[in-house]
Amino acid sequence: MNLACPMPKFDFDVITLGHGSGGLLTHRLLQSGVFDIFKNELLDQQHDGASFYLEGNIAFSTDSYVIAPIFFPGGNIGDLAINGTVNDLAMCGAKAKYLSLAFIIEEGFTMQEFWKVLVSIKEAATKANIQIVTGDTKVVEKGKGDKIFINTSGIGVIHPKAKIHHNNIEEGDVIIVSGNIASHGIAIMSLRKGLEFETTIESDTINLNHTIIALIEKFGSDIKFLRDPTRGGIASVLNEIAEITKLGFYIEQKLIPIDEQVDGACEMLGLDPLYVANEGLFIAVVKKEIAKDFLQQLKQENTGINAAIIGSVTTGYPGKVILKSRIGGTRVVNYLTGEQLPRIC
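Residues numbered from 1 in each chain as written. Predicted model: local features only at pLDDT ≥ 70, side-chain atom pairs only at ≥ 80, totals over all residues. Heavy atoms only, no water.

1. Quick word on the packing of aromatic side chains
Consideration 1: Under the defined criterion, the tally for this structure stands at five aromatic pairs.
Consideration 2: Plain terms: the ring middles of Tyr-250 and Tyr-317 are 6.4 Å apart, the flat faces sit at 15° to each other, and that makes the pair stacked. Placement of Tyr-250 in strand β9 (residues 248-252) and of Tyr-317 in the loop between β11 (308-314) and β12 (321-324) is noted, with a sequence separation of 67 residues between them.
Consideration 3: Of the residues examined, Tyr-317 reaches a relative accessible area of 37% and is grouped as partly exposed.
Consideration 4: One aromatic cluster in this structure is built from Phe-103, Phe-109 and Phe-114.
Consideration 5: One cation-aromatic arrangement involves Lys-116 over Phe-71; the distance from NZ or CZ to the ring centre is 4.5 Å. (Phe/Tyr/Trp six-rings, centres within 6.5 Å; stacked < 30°, edge-to-face > 60°. Helix = DSSP H or I, 4+ residues; strand = E, 2+ residues; numbered from the N terminus. Buried < 20%, exposed > 50% of the residue type's maximum accessible area, 1.4 Å probe, protein only. Lys NZ or Arg CZ within 6 Å of the ring centre and 35° of its normal.)

2. Some points on helix α8 (residues 291-298)
Consideration 1: Considered for burial, the residues of α8 that qualify are Ala-291, Phe-294, Leu-295, Gln-297 and Leu-298. Buried residues of α8, seen end-on, are gathered within an arc of 165° and therefore sit on one face of the element. Of the residues in α8, the exposed ones pointing more than 90 degrees away from the buried face are Lys-292 and Gln-296.
Consideration 2: On the buried face of α8, the contacting elements are β7 (174-177), α5 (209-219), β8 (223-227), β10 (283-286) and β11. (Arc of directions from axis to C-beta. Contact = heavy atoms within 4.5 Å.)

3. Comments concerning the layout of surface pockets
Consideration 1: Roughly 610 Å³ of volume is contained in the largest pocket.
Consideration 2: If you list the elements that add at least two residues to the lining of the largest pocket, you get α2 (77-91), α3 (111-128) and α7 (260-269).
Consideration 3: Looking at the lining of the largest pocket, the element that brings in the most residues is α3, giving four residues.
Consideration 4: Tallied by class, residues from the lining of the largest pocket come to six nonpolar, 18 polar and six charged.
Consideration 5: In this model, the second largest pocket occupies a volume close to 470 Å³.
Consideration 6: As for the second largest pocket, its lining consists of 24 residues, and the residues nearest its centre are Leu-30, Phe-35, His-47, Gly-135 and Asp-136.
Consideration 7: Among the secondary structure elements, those contributing two or more residues to the lining of the second largest pocket are α1 (24-37), β4 (94-106) and β5 (131-140).
Consideration 8: Counted by class, the lining of the second largest pocket contains 11 nonpolar, 11 polar and two charged residues. (1 Å grid on protein atoms, 1.4 Å probe; cavity = no way out; pocket = protein on both sides within 12 Å on 5 of 7 lines; lining within 4 Å. Points joined across faces, edges and corners; volume = space filled by probe spheres on them. Nonpolar A, V, L, I, M, F, W, Y, C, P; charged D, E, K, R; others polar.)

4. A look at the pattern of salt bridges
Consideration 1: For the coordinates displayed, the defined rule picks out 11 salt bridges.
Consideration 2: Ionic pairing is found between Asp-44 and Lys-39, a salt bridge with its closest N-O pair at 3.1 Å.
Consideration 3: Among the residues examined, Asp-44 registers a relative accessible area of 35% and is labelled partly exposed.
Consideration 4: We note a salt bridge from Glu-123 to Lys-127, for which the minimum N-O separation is 3.7 Å. Here the residue Glu-123 and the residue Lys-127 both occupy positions in helix α3, the gap between them amounting to four residues, near one helical turn.
Consideration 5: Overall, the relative accessible area of 31% leaves Glu-123 in the partly exposed class.
Consideration 6: Under the relative-accessibility criterion, Lys-127 is labelled exposed at 52%.
Consideration 7: A network of salt bridges, in which partner residues are shared, links Glu-170, Asp-173 and Lys-224. (Salt bridge = Lys/Arg side-chain N within 4 Å of Asp/Glu carboxyl O.)

5. Things to note about the packing of helix α4 (residues 183-193) against α7
Consideration 1: Between α4 and α7, the shortest axis-to-axis distance is 10 Å and the interhelical angle comes to 55°. The pairing of α4 with α7 is recorded here as oblique in orientation. For the pair α4 and α7, the sense of crossing is left-handed. Counting all contacts with α4, which are made through Ser-183, Ile-186, Met-189 and Lys-193, the residues of α7 involved are Val-262, Ala-265, Cys-266 and Leu-269.
Consideration 2: Split by residue class, the contact of α4 with α7 holds six nonpolar, one polar and one charged. (Axes fitted to C-alpha atoms, helices over the stretch in contact; angles between N-to-C directions. Parallel < 35°, antiparallel > 145°, perpendicular 65-115°, else oblique. Left-handed = near helix turned anticlockwise from the far one by under 90°.)

Right, dumping it as structure tokens:
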């Protein structure tokens, strides 16, 4: 992608307040960079918004990205901003179709860094098979931002077989996590703390829409619920579902997949991996009868190689998440209190 999208020759090396003024500098920035790299029929209209037709039930989502540092092992703020919103739509059972893209840039941000972010956005959008059709660019004074913040909003069509809602969850349903937990949060925290390991711990940021749509196509309404456990990790997601359904969620620590180095880093940093953020995972609650087949298909995907059944839904602990430890004891897993890892996405 870097070879396919060489940085054009700009007549400026850094972004200034003038690039957010709406005048000539803004025009030069957009015409020689943004519009070219994201070129498509709808964006080429260069209108105040995008006009298009969609047929079917629609899902809509928005998210903002303020991660620090903006470049990290496994990705950067650019592909994170695309994958995050695409995945939010996928959790609704929708295939993302169109995205908006808005930048808030700090004065002094270099064009070299900005281009790197743009290329990552383009690559992630291509992989997710979505188009960026409208957007916005603002520039704030030096010291009033932190390099770059991004907002993406997305719209997609819900698969006709999708019946994803917490009201569908019942006793006996099976809880599945799609891969190793806590990799994203530990990748960021390790970078901040200057920790070194035998191999680099990388963020798991990736689009999940193709995987999810394939699963819905095969299993339909037997997939009761989907959620991506970003901030607050899998513990927060399970607590949210338990609270709203008034059901119990019983999970076993020995079944939860986690990379050995990530687990060691959590111990070193005093973090519980259940609460650490993820960016390329989802939790599925599925009908017991399809759980094994669901898991088998998921493990055939590169986004689900390490997927595992981690527990089940019960009426025994209404509104609670219960963890069976490796040594056999049980404890209540509560909501995260406070901020464990600030600016993680």
